[in-house]
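Here are the chains, one letter per residue:
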Amino acid sequence: MIDLRSDTITRPGKEMLKAMISAKVGDDVFDEDPTVNALQEKAADMFGMEAALFCPSGTMTNQIAIRIQTQPQDEVICDKRSHVYNYEGGGMAYNSMVSVCLVDGDRGRISPEHIANNIRPDDIHAPRTSLVSIENTVNKGGGCYYSSQQIEAIYKTCKLHDLNLHLDGARIFNALVETGQTSREIGKYFSTISICLSKGLGAPVGSLLMSSHENIRKAKRIRKVFGGAMRQAGYLAAAGIYALDHNIERLKDDHRRARAMGLIMESHPNVDYVLPVDTNIVIFRLKGQLTAHHFVSRLAEKGLLCVPFGQQEVRFVTHLDFDDTMLGQAEKILKSFYI
Ligand SMILES: Cc1ncc(COP(=O)(O)O)c(C=O)c1O
């Protein structure tokens, strides 16, 4: 089976496992896990932030970021394709009691105008706009990314209007290897940053929230009440350190393979169009009445797994466990497959 459902399906390789089993651990709820501490320091330093917090998932780091930067009755501005809005179980309402102002950006990328035009007036009838959340790369936008100029402009607008700015950077390294920016360069624009170790970077579990000392102190209380404080988590943190040290530059290979998959789909007879392939995500729309569900289940019978991404949209994601040999196999399957 070739599995392109997500970049989260990877399993740790030998070297990562070696790092995990030889990790020095302690009880992280007592702050005594040296490997978790090392990972947090490393990540904070990479992004030029004061502190970081290791959490079980990107959903948790995003939800904590929203919780610590809003009050009930506030409003968060984000794109309508955002993971924080679509795929976190209504968590903004449930965890933080905030409303959401959805904007329709360019494949999920919002602009300073989207923000400025949607800030609520200081009026008791209106929610208070307090936070902007952007996603980079944008999952539902086909893995597109922001340029540094776009991020800087968003930052300036947020600063002007005294708004906090959160980055859902589940796939931020996919963006960075394409733009050539460093993590430090973009770190300075955000009040909070969430990154995932368990996607393109290939770790089995884990995300990090980065921010100021003060915010991370608050985040730690929220992580506890969300049930996300872990004990000997150093075994997992060791995988994260390995991933940050070894698996960033190679994301370019995933992007090359995704572009190749995009080209294959562009000439597929069932495909209407393919979104531009900017990183490791390929989204295409099917022709006529063909449903994504039908296409995906028939393709699975041929040995290629992917996910429906809307009524007629399908998503492939390339990753660490999808190599050039598998790319050749996928091409063979797709060239002889037609509904
Ligand atoms: C853009 C984005 N943000 C956040 C998440 C949440 O990560 P997790 O699955 O670790 O909760 C995902 C997961 O796929 C994602 O794609």
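Before any of the text, the structure's been laid out above.
Just so it is clear, the structure is predicted and the values come from calculations on it, not from any experiment.

**Q** Just checking my understanding: could you explain the site of the ligand for this structure?
**A** For the ligand, the full set of nearby residues is Ser 57, Gly 58, Thr 59, Asn 62, His 83, Glu 88, Glu 135, Asn 139, Asp 168, Ala 170, Arg 171 and Lys 199. Contact between the ligand and Thr 59: an oxygen atom at 2.6 Å from a side-chain N or O atom of the residue. Here the ligand loses 82% of its free accessible area of 390 Å² to cover by the protein chains. Among the elements that take part in the shell around the ligand, helix 3 (residues 58–68) stands out by supplying 3 residues, more than any other. Of the residues belonging to the shell around the ligand, the class tally is 1 nonpolar, 6 polar and 5 charged.

**Q** Any chance you could explain empty space enclosed by the protein here in plain terms?
**A** The method is simple in principle: a probe with the dimensions of a water molecule rolls over the atoms, and the space it marks as empty is what remains. Tallied over the full model, the rule gives 1 cavity of 30 Å³ or more. Its boundaries defined by the atoms lining it, the largest cavity holds a volume of some 40 Å³. Looking at the largest cavity, the residues that line it are Ala 170, Arg 171, Phe 173, Asn 174, Cys 196, Gly 200, Leu 201 and Leu 251. Looking at the lining of the largest cavity, its residues break down into 5 nonpolar, 2 polar and 1 charged.

**Q** Looking at this model, I keep getting lost on the nonpolar core. Mind explaining?
**A** As a rule of thumb, nonpolar side chains are buried together in soluble globular proteins. In terms of nonpolar packing, the biggest core is built from 50 residues, with Phe 47 and Phe 173 touching the most fellow members. For this core, the leading source of residues is helix 11 (residues 234–246), giving 6 residues. Every residue in contact with Phe 47, bar those within four places of it in the chain, is listed here: Ile 172, Phe 173, Ser 183, Arg 184, Ile 186, Gly 187, Ile 193, Ile 195 and Met 210.

**Q** Explain the packing of helix 2 (residues 34–46) against helix 11 to me, please; I cannot follow it from the model alone.
**A** Helices that pack against each other are described as a pair by the angle of their axes relative to one another and the distance between those axes. At a minimum axis separation of 8 Å, helix 2 and helix 11 run at an interaxial angle of 35 degrees. The way helix 2 lies across helix 11 gives a crossing that is left-handed. Contact residues: helix 2 offers Thr 35, Val 36, Ala 38, Leu 39, Lys 42 and Met 46, while helix 11 offers Gly 234, Ala 237, Ala 238, Gly 240, Ile 241, Leu 244 and Asp 245. Tallied by class, residues from the contact of helix 2 with helix 11 come to 8 nonpolar, 3 polar and 2 charged.

**Q** I tried to follow the sheet that holds strand 6 (residues 164–169) on my own but got confused; where do I start?
**A** In sheet architecture, strand pairing relies on hydrogen bonds along the backbone and comes in two forms, parallel and antiparallel. Pairing within the open sheet is mixed, and its 7 strands lie in the order 2-8-7-6-5-3-4. Each having just a single partner strand, strand 2 (51–55) and strand 4 (99–103) make up the two edges of the open sheet. Along the sheet, successive strands turn relative to each other by an average axial angle of 20 degrees, direction set aside. Pairing analysis gives 4 bridges linking strand 3 (residues 74–79) to strand 5 (residues 128–135), with the strands arranged parallel. Residue pairing in the sheet places Val 76 in a bridge with Leu 131 of strand 5. Strands strand 2, strand 7 (192–196) and strand 8 (207–211) of the sheet are contacted by helix 10 (residues 213–225), whose axis makes an angle of about 20 degrees with strand 2.

**Q** Before we go on, may I ask you to explain the pattern of salt bridges in this structure?
**A** Pairs can form between side chains of opposite charge once their charged atoms are near each other. For the coordinates displayed, the defined rule picks out 24 salt bridges. Across the pair Asp 7 and Arg 171 runs a salt bridge whose closest N-O atoms are separated by 2.8 Å. Note that Asp 7 is positioned in the loop between strand 1 (2–3) and helix 1 (14–21) and Arg 171 in the loop between strand 6 and helix 8 (172–179), a separation of 164 residues in sequence. Arg 171 gets classed as buried once you look at its relative accessible area, which sits at 7%. A salt bridge links Arg 285 to Glu 313; its shortest N-O distance comes to 2.5 Å. Remark: Glu 313 occurs in strand 13 (residues 313–317) and Arg 285 occurs in strand 10 (residues 281–286); sequence separation between them is 28 residues. Overall, Arg 285 belongs to the partly exposed group, its relative accessible area being 26%. Among the charged side chains, a salt-bridge network with shared partners connects Asp 79, Lys 80, Arg 81 and Asp 104.

**Q** Please explain the sheet that holds strand 10 as it appears in this structure.
**A** Taking strand neighbours across the sheet as the criterion, the 4 strands line up as 9-10-13-12 in an open arrangement whose pairing is antiparallel. For this open sheet the edge positions go to strand 9 (271–274) and strand 12 (307–308), each flanked by a neighbour on one side alone. As judged from the 5 bridges shared by strand 10 and strand 13, these two strands associate in the antiparallel manner. Note that in strand 13 the partner of Phe 284 across the bridge is Val 314. Contacts from helix 12 (residues 251–266) reach strand 9, strand 10 and strand 13, with the element oriented near 10 degrees to strand 10. Contacting strand 10, strand 12 and strand 13, helix 13 (residues 292–301) crosses the sheet at an angle of about 40 degrees to strand 13.

Criteria and thresholds
- Residues numbered from 1 in each chain as written.
- Predicted model: local features only at pLDDT ≥ 70, side-chain atom pairs only at ≥ 80, totals over all residues.
- Heavy atoms only, no water.
- Near = heavy atom within 4 Å.
- Polar contact = N/O pair within 3.5 Å; in protein donor to acceptor, adjacent residues only side chain to side chain.
- Areas by Shrake-Rupley, 256 points an atom, 1.4 Å probe, with all protein chains shown as cover.
- Helix = DSSP H or I, 4+ residues; strand = E, 2+ residues; numbered from the N terminus.
- Nonpolar A, V, L, I, M, F, W, Y, C, P; charged D, E, K, R; others polar.
- 1 Å grid on protein atoms, 1.4 Å probe; cavity = no way out; pocket = protein on both sides within 12 Å on 5 of 7 lines; lining within 4 Å.
- Points joined across faces, edges and corners; volume = space filled by probe spheres on them.
- Core = buried A, V, L, I, M, F, W, Y, C linked by side-chain atoms within 4.5 Å.
- Buried < 20%, exposed > 50% of the residue type's maximum accessible area, 1.4 Å probe, protein only.
- Contact = heavy atoms within 4.5 Å.
- Axes fitted to C-alpha atoms, helices over the stretch in contact; angles between N-to-C directions.
- Left-handed = near helix turned anticlockwise from the far one by under 90°.
- Pairing = 2+ DSSP bridges.
- Salt bridge = Lys/Arg side-chain N within 4 Å of Asp/Glu carboxyl O.

Bear in mind that shape data such as this cannot, by itself, settle questions of function.
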